[in-house]
Structure formats: structure tokens, C-alpha cells
Amino acid sequence: MPRLINPRVRAGAIVAAATVALAGGLAASPASANSSGWWTSPGKRAEGFYNSLTGRVYANDLKKDGYSAITQVRTANKGYFVVDVRDKLANNGGSWDTPTLYSGVRFKMRVCVYKTGHKPTQCGAWHEFDK
């Protein structure tokens, strides 16, 4: 999986682009904003994000505690699998994947921690977003 130096840098670029778009009169509802926003697992051990400009879903393991980060994306309506992005290194680098997300479909995502071979645990709430 490709590695990032720091996925928060990309988030700053997205916020800047969204600010310019809104200032230019291109109103966007919260459901159609350029990203899902950063979400964390309980205890802030992992974080995840969806960037609609690049189409990437990010996972970032924040603590060296023997657990890894996972960002799960499903369809909001029926909960169909879309992608699980895993980051195993707590090095503030993060991992990402670029799933196919279709316009007009609502998605939901959550961020959890997990150990290899086990189900995700300590998951945050599901958060809905549009592509």
C-alpha cells in the first residue's frame, strides 16, 4: 500500500480548496463537502479520512500499542462493503486506498483499532458522507 509522509497536509489543502470554492459562490451542503472530515477511534489511537478530490480513503495508526488502525467504508443504505484501509505502523505516515465510489450514493465510515487475525475493536461511530 502506498505510504504518505503526513496525511494531515492533504487535509489542509482540501480545506483551502473548499474555502476558495465557497468564497467563489459555489455553495456546498455538508453532505457534498470535499471530504468526510477526520474521524478518530475512541482514545484517539487511530484516525481516518475520505478525500473526494483524490478519491482516497486514509487510515493512520497514532499509537505504538500493538494495535493497528483500520478505516472501514460501507454503503449507508444497506451497509455493503466498499473498502477497509489498514495502517500498521504508528509513524504518523498513514496508508491509503482509492476505492470506486459512485456519485449519488451515500457512504458511511468508521475508524477502529485491530490486531491481525482479529475483528476491529474500539470503533468510533459511523459517519455518513457523499462522494
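Fair warning: this is a prediction, and the values are worked out from it, not measured in the lab.

(A) Spotlight on the confidence of the model for the protein. Of the residues in the protein, 74% have a pLDDT of 70 or more, and the chain-wide mean is 80. Note that pLDDT drops below 50 for residues 13–32; the model gives that stretch 14 contacts with residues more than four away or on any other chain.

(B) View of the packing of aromatic side chains. If you walk through the whole model with that rule in mind, you get 4 aromatic pairs. Taken together, the ring pairs connect W38, F49 and Y58 into an aromatic cluster. One cation-aromatic arrangement involves R56 over W96; the distance from NZ or CZ to the ring centre is 3.6 Å. Taking NZ or CZ as reference, K115 lies 4.9 Å from the ring centre of Y67, over its face.

(C) Region of interest: the side chain of D87. Take D87: it is sitting in strand β5 (residues 81–87). Looking at D87, the relative accessible area reads 0%, which means it is buried. Side chain to side chain, D87 and S95 meet in a polar contact 3.0 Å long.

(D) Main features of the sheet that holds β5. The sheet built from 4 strands is open, its strands ordered β5-β4-β7-β8 with antiparallel pairing. Two strands close off the open sheet at either side, each with one partner strand: β5 and β8 (127–130). The sheet shows a mean angle of 25 degrees between the axes of neighbouring strands, direction not considered. Of the strand pairs in this sheet, strand β7 (residues 106–114) and β8 are connected by 4 bridges, and their pairing is antiparallel. By the bridge assignment for β8, M109 is matched with H127.

Reading the values: rules and limits
- Residues numbered from 1 in each chain as written.
- Predicted model: local features only at pLDDT ≥ 70, side-chain atom pairs only at ≥ 80, totals over all residues.
- Heavy atoms only, no water.
- pLDDT = per-residue confidence, 0-100.
- Contact = heavy atoms within 4.5 Å.
- Phe/Tyr/Trp six-rings, centres within 6.5 Å; stacked < 30°, edge-to-face > 60°.
- Lys NZ or Arg CZ within 6 Å of the ring centre and 35° of its normal.
- Helix = DSSP H or I, 4+ residues; strand = E, 2+ residues; numbered from the N terminus.
- Buried < 20%, exposed > 50% of the residue type's maximum accessible area, 1.4 Å probe, protein only.
- Polar contact = N/O pair within 3.5 Å; in protein donor to acceptor, adjacent residues only side chain to side chain.
- Pairing = 2+ DSSP bridges.
- Axes fitted to C-alpha atoms, helices over the stretch in contact; angles between N-to-C directions.

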